[in-house]
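# Remarks on the overall topology
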Amino acid sequence: MIKGKVITLGVPGGIAVYKVADLASKLTGLGATVNTIMTGSATEFVKPVTFQVLTKNPVHTDLFSSSAEHKIPHIELAASADLFLIAPATANIIGKIAAGIGDDLLSTSVLAANCPVLICPAMNVKMYSNPIVQANISKLKEYDFHFVEPEQGLVACGDYGKGRLSDSSTIIYAIEQLLGQAKDMSGLRVLITAGGTREAIDPVRYISNRSSGKMGYALAQAVNSRGGQAILISTPTCLEIPLGVEGIIVESAMEMRDAVLKHYPHCQIIIKAAAVADYRCESVFSEKLKKDGESLTLKLIKNPDILAELGCSKREDQTLVGFAAETQFLDQNAKKKLISKKLDLLVANDVSIPGSGFGSDSNRVKLFYSDGMVEELPLLSKLIVANKIIDAVKNIRSKR
Ligand code: C5P
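Residues numbered from 1 in each chain as written. Predicted model: local features only at pLDDT ≥ 70, side-chain atom pairs only at ≥ 80, totals over all residues. Heavy atoms only, no water.

## Some remarks on the site of the ligand
Applicable threshold: For each residue, the test is whether any non-hydrogen atom lies within 4 Å of the molecule or strand; if one does, the residue is near. N or O atoms within 3.5 Å of each other form a polar contact, as long as, within protein, one can give a hydrogen and the other can take it, and as long as residues adjacent in sequence are counted only when both atoms are side-chain atoms. The rule is simple: put a 1 Å grid over the protein atoms alone, call a set of points where a 1.4 Å probe fits but cannot get out a cavity, call an open set with protein on both sides within 12 Å along at least five of seven lines a pocket, and count a residue as lining if it has an atom within 4 Å of a point. Any molecule with more than half of its atoms within 2 Å of a cavity's or pocket's grid points is regarded as sitting in that cavity or pocket. Numbering of helices and strands starts at the N terminus; helices are DSSP runs of H or I of at least 4 residues and strands are runs of E of at least 2. Think of it as three bins: nonpolar holds Ala, Val, Leu, Ile, Met, Phe, Trp, Tyr, Cys and Pro, charged holds Asp, Glu, Lys and Arg, and polar takes everything else, Gly as well.
Lys-272, Ala-274, Pro-304, Phe-323 and Lys-337 are the nearest of the 13 residues found near the ligand. The contact in question runs from an oxygen atom of the ligand to an N or O atom on the backbone of Lys-272, over 2.6 Å. Of all the cavities here, the one that holds the ligand is the second largest pocket. Residue assignment for the shell around the ligand shows that the elements contributing at least two residues are α12 (306–312) and β17 (319–326). Looking at the shell around the ligand, its residues break down into 7 nonpolar, 1 polar and 5 charged.

In structure tokens form, the structure reads like this:
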């Protein structure tokens, strides 16, 4: 999909420019023609020759330069592109585009663009959360500019939060989407569960786990962008239900079970990414507990295993995918669950590895197939992992 496409890459001046050099190299490697525009401040971080060598193309920096092939550079660079990519998008370029300002080659070229524009912000955490920057982003979204949100993490200045440039694989995936994602899931209804269930103790407190829901939401987004109908049964998380996805919010394992059983018969693919509590309180206190005693004993009773239940009543046309988050004996536990829950695929991850599993934007998983095959994936963004899981499901279904 990227092969043969022309990408105009606008590079503003942020510390993440060095990461964009890698992105430019990968896009070139995938067969795109990458025409780079650097702002003056971008050239303070990385010299144009870096992009020139990596993309095998001249780099443009000057609004007033004219060459034989680019008589009016900003018009040419905009008109020739299948996609206009801006990374690392600074608060400045976002503000300029939102205000319609064209005062250098990059900003004027964006104004002249007639193709999808994909903006990948990267900046200090406080700058990114600044309401003016956020208002500019909202405005640009209304005008159909596309965004790859920055990731959570440590930014160059030492602050922790949202602001790190998203990794190359996520940006490449977003480019593929914009350049025409295959709608290979159309006609399929996919039930996905996400998040950690909440088991009430009293009206105020609950027992839960560290699941953020990110993997399940990424799956729903991937299904949706590949043309499938995703039904996302999620516990409350800080994530937004992706556009086009039917979202159902539940709290406890019992509520999740009810919702899953209701939708299960109407779905062909079921992916249980939720971390369902194995136990719940035998009785929930009707009033808020007071700290009167020196100790408190809660009696927990077993929750039903929803996935195992689904496995028992699985139809021929249904494909069942489970998840296993383990801290030890990953392979043994995964294989055991695959068989005992009658799954077609089990996605296992060792949550003790940094950058993998709960709360993280990336994941390193192993796929266990019911025919005994095991596929180990490298550390990837959760959206890419989601697409790999869907590829695996499609593969399983095509062999039937
Ligand atoms: O056995 P374990 O809980 O580790 O299995 C994890 C898989 O089973 C996940 O896919 C999870 O969503 C599902 N599960 C379930 N109901 C439970 C516990 C887990 O559906 N009560």
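## Quick look at unusual backbone geometry
For the bond from Ala-87 to Pro-88, the omega torsion is -5°, close enough to zero to count as cis. The topology assignment puts Pro-88 in strand β4 (residues 83–89). Of note, the phi angle at Lys-56 is positive, near 60°, even though the residue is not glycine. The topology assignment puts Lys-56 in the loop between α3 (48–55) and β3 (59–60). Phi is positive for Phe-329, close to 50°, though the residue is something other than glycine.

## A closer look at the sheet that holds strand β6 (residues 146–147)
Selection rule: When DSSP finds at least two bridges between two strands, those strands are taken to pair. Note on contacts: a residue pair qualifies if any of its non-hydrogen atoms lie within 4.5 Å across the two residues. Whenever a helix is involved, its axis is fitted only over the stretch in contact; in every case the axis is a line through C-alpha atoms, and angles between N-to-C directions fall within 0 to 180 degrees.
Read from one edge to the other, the open sheet built from 6 strands follows the order β3-β2-β1-β4-β5-β6, with strand pairing classed as parallel. The open sheet has two edge strands, β3 and β6, and neither has a second partner. Of the strand pairs in this sheet, strand β1 (residues 6–11) and β4 are connected by 4 bridges, and their pairing is parallel. Paired with Ile-7 across the bridge in β4 is Leu-83. In the packing of α3 onto the sheet, the strands contacted are β1, β2 (33–38) and β3, and the crossing angle to β2 comes to about 175°. Across the face of the sheet, helix α9 (residues 168–178) comes into contact with β1, β4, β5 (117–121) and β6 while running at roughly 165° to β5.

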